[in-house]
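Residue strings, one per chain:
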Amino acid sequence: MLTHPNFDPVAISIGPLDVHWYGLMYLAAFASAWWIAMRRAKRPDSPVTPAQVENLITYGAFGVVIGGRVGYVVFYHFDAWMRDPLWLFRIWEGGMSFHGGLIGVLLAMLFYAHRIRIPYLRLTDFVAPMVPLGLAFGRLGNFIGQELWGRPTDLPWAMVFPQDPEQLPRHPSQLYQFALEGVALFFLLYWFSRKPRPTAAVSGVFLIGYAVFRVIAEFAREPDQHIQFDLFGWVTRGQLLCLPMAALGIGLLIYAYRFSGAARAPAEQKEAP
């Protein structure tokens, strides 16, 4: 059995300024997205130029923060929001949702695609490989902050979290999600997108890959206390929200290889070095 290191939430203090681990994780997430975007923007098949990456990251950041907050409130605390509508704006009280952040980014990319006049699905294909490393840093933030810990277990690597009132050995599920939704999904998308694919294919693989990895990890993660399980006594809210993601991802792959694949093949052949 292991014990959580019980990190100080403040990573660095510079005079009166305290820099929290969460802030560093967000900074690392956006920095990794910028780095990947710059590398991908230099490819001959890229719909985005290196000069457009800064604006792309800015749009994405607003989508993540606004969508993540709204999604957390709507998906996980809708009743509380109805009782106190202004709670949505009290972001200092915490609370972000991946699925809400995803919707926020998709809407932000819709606006940006319209602004630079490129096909929407080509832009989402470009953006998809930028996401997993950001998710990885976010899960590390959850682990450092002792949030979203796992269900009780007697496995050798079970961990006791000091902030857990029950003090039970639990799955370090934040690290499972770091490994699956972050690292594994990144390498999957990096491998799949390393050469030109039909429009919407990379987006479809991202949606399916995240949904599968999240559903797996949720079996080790403690469900939200005020929600518990949504279906059959074992399906969590996170797993339920992944079902439409997987369905949309399958639909995009079918579209990519039945329709857009044939249309883009000549262009991809011309763009290939």
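Reading the values: rules and limits
- Residue numbers run consecutively from 1 along every chain, following the written order of its sequence.
- Only residues with pLDDT of at least 70 get local features here, since the model is predicted, and only at 80 or more are side-chain atom pairs given and counted; chain-wide, interface and lining totals rely on the full set of residues.
- For side-chain calculations, the full set of non-hydrogen atoms in the structure is used, while hydrogens and water are omitted.
- Helical segments are the DSSP runs of H or I of at least four residues, strand segments are the runs of E of at least two, and each set is numbered from the N terminus.
- Categorising residues by exposure relies on relative accessible area from a 1.4 Å probe, with only protein chains included: less than 20% of the type maximum marks a residue as buried, more than 50% marks it as exposed, and the intermediate range marks it as partly exposed.
- Contacts between residues were defined by any pair of non-hydrogen atoms, one from each residue, lying within 4.5 Å.
- For every accessible area listed, the method is Shrake-Rupley and the probe measures 1.4 Å; residues are considered covered only by the protein chains on display.
- Only four residue types enter the charge count: Lys and Arg as positive, Asp and Glu as negative, with His and the chain ends excluded.
- In plain terms, the charge of a residue is placed at NZ if it is Lys, CZ if Arg, CG if Asp and CD if Glu.
- Confidence of the predictor in every single residue is expressed as pLDDT, which spans 0 to 100.
- Space inside and on the surface of the protein is sampled on a 1 Å grid over the protein atoms alone, with a cavity defined as a set of points where a 1.4 Å probe fits but cannot get out and a pocket as an open set with protein on both sides within 12 Å along at least 5 of 7 lines; lining residues have an atom within 4 Å of a point.
- Grid points are joined across faces, edges and corners, and a volume is the space filled by probe spheres set on the points.
- In this analysis, strands are considered paired if DSSP registers two or more bridges between them.
- Here, nonpolar core means buried Ala, Val, Leu, Ile, Met, Phe, Trp, Tyr and Cys residues that are tied together by side-chain atoms lying within 4.5 Å of each other.
- Pairing of aromatic rings covers Phe, Tyr and Trp, the last through its six-membered ring, and needs centres within 6.5 Å; plane angles under 30 degrees mean stacked, over 60 mean edge-to-face, and all others mean tilted.
- Here, over-ring charges are defined by two tests on the NZ atom of lysine or the CZ atom of arginine: distance to the ring centre within 6 Å, and angle to the ring normal within 35 degrees.

### Here's the deal with the overall build of the protein
Line of reasoning, step 1. Assigned secondary structure in the protein consists of nine helices and four strands.
Line of reasoning, step 2. When the helices and strands of the protein are read in sequence order from the N terminus, they spell out β-β-β-α-α-α-α-α-α-β-α-α-α.
Line of reasoning, step 3. Once the C-alpha set of the protein is aligned to its principal axes, its extents read approximately 60 × 50 × 40 Å.
Line of reasoning, step 4. A total of 273 residues make up the protein; the buried ones form 44% of that total.
Line of reasoning, step 5. Sequence separation of 24 or more characterises 68% of the internal contacts of the protein that already satisfy a separation of 6 or more.
Line of reasoning, step 6. Accessible surface, the protein as shown: approximately 14,500 Å² in total, 69% of it carbon and sulfur.
Line of reasoning, step 7. Counting 22 positive and 19 negative side-chain charges, the protein places the averaged centre of each group 14 Å from the other.

### Overview of the environment of W21
Line of reasoning, step 1. Examined against the element boundaries, W21 turns out to sit in helix α1 (residues 21–41).
Line of reasoning, step 2. A relative accessible area of 28% means that W21 is categorised as partly exposed.
Line of reasoning, step 3. Along the backbone, W21 and A11 are ten residues apart, and their C-alpha atoms lie at a distance of 5.3 Å.
Line of reasoning, step 4. Apart from residues no more than four positions distant in its own chain, W21 is found in contact with F7, D8, P9, V10, A11 and I144.

### Things to note about the confidence of the model for the protein
Low pLDDT means the predicted atomic positions in that stretch should not be read closely.
Line of reasoning, step 1. Confidence along the protein averages 91 in pLDDT terms, with 95% of residues attaining 70 or more.
Line of reasoning, step 2. Confidence, read as mean pLDDT per element, is least for helix α9 (residues 237–271) in the protein (79) and greatest for helix α8 (residues 201–218) (98).

### Some details on empty space enclosed by the protein
Line of reasoning, step 1. Scanning the entire structure with this criterion turns up two cavities of 30 Å³ or more.
Line of reasoning, step 2. Space inside the second largest cavity adds up to approximately 60 Å³.
Line of reasoning, step 3. Taken together, Y76, R214, E218, R221, E222, P223, D224, T236, R237 and G238 make up the full set of residues lining the second largest cavity.

### Some thoughts on unusual backbone geometry
Line of reasoning, step 1. Despite not being glycine, Q167 shows a phi value in the positive range, around 55°.
Line of reasoning, step 2. Within the element layout of this structure, Q167 appears in the loop between β4 (159–160) and α7 (173–192).
Line of reasoning, step 3. Notably, Q228 is not glycine yet its phi reads approximately 60°, a positive angle.
Line of reasoning, step 4. Its location among the elements puts Q228 in the loop between α8 and α9.

### Quick notes on the pairing of strand β2 (residues 10–14)
Line of reasoning, step 1. Where β2 and strand β3 (residues 17–20) come together, four bridges link them in antiparallel fashion. In the sheet register, I14 faces β3, and the bridge partner there is L17.

### Quick look at the nonpolar core
Line of reasoning, step 1. Ranked by internal contacts, the top residues of the largest apolar core, which has 22 residues, are V53, L56, M109, L123, F126, V127 and M130.
Line of reasoning, step 2. Every element with two or more residues in this core is listed here: α1, α2 (53–76), α4 (98–116) and α5 (120–127).
Line of reasoning, step 3. Looking at this core element by element, the count peaks at six residues for α4.
Line of reasoning, step 4. With residues up to four places along the chain from it excluded, the contact list for L56 reads M109, Y112, L123, F126, V127 and M130.
Line of reasoning, step 5. With 20 residues, the next largest nonpolar core counts A200, L207, Y210 and M245 among its residues.

### Describing the packing of aromatic side chains
Line of reasoning, step 1. Taken as a whole, this structure holds 15 aromatic pairs when the rule is applied.
Line of reasoning, step 2. An aromatic cluster is defined as three or more aromatic residues linked by ring pairs; in this entry it consists of Y72, Y76 and W87.
Line of reasoning, step 3. Positioned over the ring face of W191 is R197, at 5.9 Å from the centre of the ring.
Line of reasoning, step 4. The ring centre of F192 lies 4.3 Å from the NZ or CZ of R197, which sits over that ring.

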